Amino acid sequence: MTPHINAQTGDFAETVLMPGDPLRAKYIAETYLENVREVTNVRNVLGFTGEYKGKPVSVMAHGMGMPSISIYAHELINYYGVKKIIRIGSCGAVDEELKLRDLIVATGASTSSSMIRDRFAGYDYAAAPDFGLLRTCADTADKLGLSPRFGNILSGDLFYGSNPALLPAMQKMNVMAVEMEAAALFAIAAEFRVKALCVLTVSDHLITAEETSSEERQTSFNQMMELALETAYA
Ligand code: HPA
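What you see is a predicted model; the values in this text were computed from it and never measured. All residue numbers here refer to positions counted from 1 along the written sequence of the relevant chain. In view of the model being predicted, local features appear only for residues whose pLDDT reaches at least 70, and side-chain atom pairs are presented and counted only at 80 or more, with totals across whole chains, interfaces and linings using the full set of residues. Based on all heavy atoms of the structure, the side-chain values leave hydrogens and waters out of the count.

### Remarks on the overall build of the protein chain
A count of helices and strands for the protein chain gives eight helices and nine strands. Restricting the calculation to C-alpha atoms gives the radius of gyration, and the globule rule supplies 2.2 Å times the number of residues raised to the power 0.38. In terms of overall size, the protein chain behaves like a compact globule, its C-alpha atoms giving a radius of gyration of 16 Å where 234 residues would be expected to give roughly 17 Å. In terms of overall dimensions, the protein chain has a C-alpha envelope of 45 × 40 × 30 Å along the principal axes. Buried means the residue's accessible area, taken with a 1.4 Å probe over protein chains only, is under 20% of the maximum for its type, while exposed means over 50%, and partly exposed covers the values in between. Residues counted as buried form 51% of the 234 residues belonging to the protein chain. A contact between two residues is defined here by any heavy atoms of the two lying within 4.5 Å. When contacts within the protein chain are restricted to residue pairs at least 6 apart in sequence, long-range pairs at least 24 apart make up 77% of them. Each accessible area is a Shrake-Rupley result for a 1.4 Å probe, and residues are judged covered by the shown protein chains and nothing else. If you sum the accessible surface of the protein chain, you get close to 11,100 Å²; carbon and sulfur atoms cover 50% of it. Two residue types count as positive, namely Lys and Arg, and two as negative, namely Asp and Glu; His and chain ends fall outside the count. Every charge is mapped to an atom, namely NZ of Lys, CZ of Arg, CG of Asp or CD of Glu. Separation of charge centres in the protein chain, based on 20 positive and 28 negative side chains, amounts to 5 Å. Helix numbers and strand numbers start at the N terminus; a helix is a DSSP run of H or I with at least 4 residues, a strand a run of E with at least 2.

Printed below as a string of structure tokens:
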């Protein structure tokens, strides 16, 4: 047990899918996994372990923001032997060509946070997913007939009230969407030599102001989940 996870040693599979929302973790476990059991529920941040096509896999929520995902990823990697973490989440689109529900795979995560600099002696670390996982994800998308956009995203600390200069800067530097966790996940995975990936669907558009409902966010991102699960076990 750790301060934030009340599972026993061996309760987690080596691969963990991580959505932000505990109820989405439950939905994924119930919808996609077999022989599922709940393995942790501290603060209602639910985690489950089951099987996908006969292979063990876990799903656990990471909460919102980089401090939250940092705590759970750190404990999963260092106390439960987790080797592969795939974040599955939502993001706000900045690129005008993106539409609601489009799939995105992060090839890098810029950040407006100081968290990654804290890990990197004050310098700007290039937070990136594992290359092997990324390549597998691209191949898997082809096999599934999916066409995600691959590119740079931004992990921000502020959902409300971020610096107005950030949006034009993102557009200028071809950073296509904003979310709140990937950069921290990539940095932790690099530090502890495990693999991380981040697959997203567009839930709202920062330029056109369109948005999806929370019910859609919980249940309708099946393509993203299939891409993540098939990538994990390709
Ligand atoms: N900003 C930050 N994180 C998000 C957003 C957003 O607009 N949409 C979904 N996650």
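### Overview of the nonpolar core
To define a nonpolar core, start from buried Ala, Val, Leu, Ile, Met, Phe, Trp, Tyr and Cys residues and group those joined through side-chain atoms within 4.5 Å. Ranked by size, the top nonpolar core spans 73 residues in total, and within it F12, M60, L76, I88, I104, I153 and V199 carry the most contacts. Tallying contributions element by element places helix α6 (residues 182–191) first for this core, with eight residues. When residues no more than four places from it in sequence are discounted, the contact partners of L76 are I5, F12, V16, M18, M60, G81 and V82.

### Points about the side chain of D95
Positionally, D95 belongs in the loop between β5 (84–93) and β6 (103–111). Taking relative accessible area as the criterion, D95 reaches 15% and is therefore assigned buried. Residues contacting D95, with those up to four places away along its chain left out, are R149, N174, M176 and H205.

### Here's the deal with the side chain of S70
Among the structural elements, S70 can be located in helix α2 (residues 66–80). Relative accessible area serves as the criterion here: at 10%, S70 is assigned to the buried category. Among all residues touching S70, those that are not within four sequence positions of it are M115, R119, A184 and I188.

### Examining the site of the ligand
One heavy atom within 4 Å of a molecule or strand is enough for the residue carrying it to be called near that molecule or strand. Inspection of the region around the ligand gives S90, C91, G92, F159, V178, E179, M180, S203, D204 and L206 as its neighbouring residues. Two N or O atoms count as a polar contact when they lie within 3.5 Å, although within protein this holds only if one can serve as hydrogen donor and the other as acceptor, and sequence-adjacent residues are included solely when both atoms are side-chain atoms. One nitrogen or oxygen atom from the main chain of G92 is found 3.2 Å from a nitrogen atom belonging to the ligand. Within the side chain of D204, an N or O atom sits 2.9 Å from a nitrogen atom of the ligand. Expressed as a share of its isolated accessible area of 260 Å², the protein-covered part of the ligand is 87%. Where the shell around the ligand is concerned, the elements lending two or more residues are β5, β8 (175–179) and β9 (195–205).

### So, the pattern of salt bridges
The working definition used for a salt bridge is a side-chain nitrogen of Lys or Arg within 4 Å of a carboxyl oxygen of Asp or Glu. In this structure the tally under the stated criterion is nine salt bridges. One salt bridge in this structure joins E30 and K26, with 3.2 Å as the shortest N-O distance. Here the residue E30 and the residue K26 both occupy positions in helix α1 (residues 22–32), the gap between them amounting to four residues, near one helical turn. With a relative accessible area of 56%, E30 lands in the exposed category. Among the charged side chains, a network of salt bridges with common partners joins R87, E179 and E181.

### Concerning α6
The buried fraction of α6 amounts to eight of the 10 residues, a majority that puts the element mostly inside the structure. Where α6 is concerned, the buried positions are A182, A183, A184, L185, F186, A187, I188 and A189. Positive phi shows up at R193, right after α6, with a value of about 60°.

### Observations concerning unusual backbone geometry
In this structure, R43 takes a positive phi of about 60° despite not being glycine. One can find R43 in the loop between β2 (34–40) and β3 (47–52). For R43, a relative accessible area of 68% translates into the label exposed. Despite not being glycine, N44 shows a phi value in the positive range, around 65°. When you line up the elements, N44 lands in the loop between β2 and β3.

### Here's the deal with the pairing of β8
Among the five residues in β8, four count as buried, and that is most of the element. Here is how to tell: hold the view so the strands point away, follow the path from the first strand over the helix to the second, and if it runs clockwise the crossover is right-handed. For the crossover from strand β7 (residues 149–155) across helix α5 (residues 166–172) to β8, the handedness is right-handed.

### Things to note about the pairing of β9
For β9, the buried fraction is high: nine of the 11 residues fall into the buried class. Strands are labelled as partners when DSSP assigns at least two bridges between them. By the bridge criterion, 10 bridges tie β5 to β9 in an arrangement that is parallel. Note on β9: the bridge partner recorded for G92 is D204.

Any functional reading would require information that these geometric values do not contain.
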